[in-house]
Amino acid sequence: VIENFASITHDFLIEKMKKDPTVTYVNAGVPMAAGFVQSKRKELSELRKQYVDVGIAEEHATTFISGMAKNGAKPVFSVISTFLQRTYDQLSHDLAINNNPAVILVFGGTLKGMNDITHLGYFDIPLVSNIPNIVYLAPTTKEEYLAMLDWGIEQNDYPVVIKVPGGAVIHSKTEIDNDYSELNTFKIVENGENVAIIGLGEFFELGKEVKTLLKEKSEINATLINPRYISGIDEKLLNELKTNHKVVVTLESGQKDGGFGQKISAFYGNSDMKVINVGAKKEFTDEIPYDEFFKNNRLTKEQIVEDILDVLR
């Protein structure tokens, strides 16, 4: 059986729900996104009260989990990225202003997901990450995802949103952190010089590929960074990069305008650092094949390396 983040999420939440009656799974008419398919729902039995499907009403779900968290419960709401737009008002007004510690899991927030014009999943970064108080996290692996999810459920200080990686499940080969309360601390995974590659969430793997190809093409040993946080930047680390780096490359599986990379560009605005933001153009597309879409947006590793070398010339 091939692992996927839906079943991983289901199995983790069931164990949490068994141990803690205040942990409640909430969804808005798409339980299968987090692995709660019909056969699994039939097995809930004594956990039935900890499973809530509000129907196609993301707005209600967000206000509902905010109220639950305020009263001591530990709600986890799973939503598909393309449907998150419906609940912007409640995210901001009901959840963030009250700073209630509910958890939201965003599935399908990827450039490799649904690609018809009404179901595009790459607008959630600009939407969520610019609302005050919300901590938006981007795990790169299964282990990092589960650590962030566990932390989000158990902490009491912030509304936590987690961008579930799209595509294949990657495993961590090294130890990962279990505490994310020191907000906006990026992690240098491999030290290098001249070029720093910041690969957000699922695009961390693309960052590895870019680093390898860059070394082959130009002998440049790039620094590789896992930022982990979408909703803020690590100013200390970004300042330190100025000492021996000329270019910072940001990679995100989402729209560039108003996104993660532009936060980095804004930070370096009055310095000598060059910044390349890699992501999707601001446009609605309709059923463009992935290969074509990636080429159109200069998202292939070859194009990214080409762009890096152009800036260094």
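The structure under discussion appears in the preceding block.
Parameters at a glance
- Residues numbered from 1 in each chain as written.
- Predicted model: local features only at pLDDT ≥ 70, side-chain atom pairs only at ≥ 80, totals over all residues.
- Heavy atoms only, no water.
- Helix = DSSP H or I, 4+ residues; strand = E, 2+ residues; numbered from the N terminus.
- Contact = heavy atoms within 4.5 Å.
- 1 Å grid on protein atoms, 1.4 Å probe; cavity = no way out; pocket = protein on both sides within 12 Å on 5 of 7 lines; lining within 4 Å.
- Points joined across faces, edges and corners; volume = space filled by probe spheres on them.
- Nonpolar A, V, L, I, M, F, W, Y, C, P; charged D, E, K, R; others polar.
- Buried < 20%, exposed > 50% of the residue type's maximum accessible area, 1.4 Å probe, protein only.
- Pairing = 2+ DSSP bridges.
- Axes fitted to C-alpha atoms, helices over the stretch in contact; angles between N-to-C directions.

Undergrad: Looking at this structure, how should I read the environment of Val-106?
TA: Mapping Val-106 onto the fold places it in strand β4 (residues 103-107). Sequence spacing of Val-106 and His-119 is 13 residues, and the spatial spacing of their C-alpha atoms is 14 Å. Sequence-distant contacts of Val-106, that is, excluding residues within four places in its chain, are made with Val-79, Ser-81, Leu-84, Asp-124, Tyr-136, Val-161, Ile-162, Lys-163 and Val-164.

Undergrad: Even after reading the chapter, I still don't get empty space enclosed by the protein, so can you show me in this structure?
TA: A water-sized probe, rolled over the atoms, reveals where empty space remains. Enumeration according to the criterion identifies three cavities of 30 Å³ or more in this entry. Quantified by volume, the largest cavity comes out at close to 70 Å³. If you trace the largest cavity, you find it lined by Thr-110, Leu-111, Gly-113, Met-114, Asn-115, Leu-120, Tyr-122, Thr-285, Ile-288, Tyr-290 and Phe-293. The residue inventory of the lining of the largest cavity, partitioned by class, reads seven nonpolar, four polar and no charged.

Undergrad: Where do I start with the side chain of Lys-211 in this structure?
TA: Its place among the elements puts Lys-211 in helix α7 (residues 204-218). Taking the relative accessible area as the measure of exposure, Lys-211 reaches 10% and is therefore buried. Excluding anything up to four places from it in sequence, Lys-211 contacts Glu-190, Ile-197, Asn-221, Ala-222 and Leu-224.

Undergrad: Please clarify how the sheet that holds strand β10 (residues 245-255) should be interpreted in this entry.
TA: With mixed pairing, five strands are arranged side by side in an open sheet as β7-β9-β8-β10-β11. Strands with a single pairing partner mark the edges of an open sheet, and in this sheet they are β7 (187-190) and β11 (274-280). Averaged over neighbouring strand pairs, the angle between their axes works out to 25° when direction is ignored. Pairing between strand β8 (residues 194-199) and β10: six bridges, direction parallel. Of the residues in β10, the one forming a bridge with Val-195 is Val-247. Docked against the sheet, α7 engages β7, β8, β9 (223-226) and β10, running at close to 180° with respect to β9.

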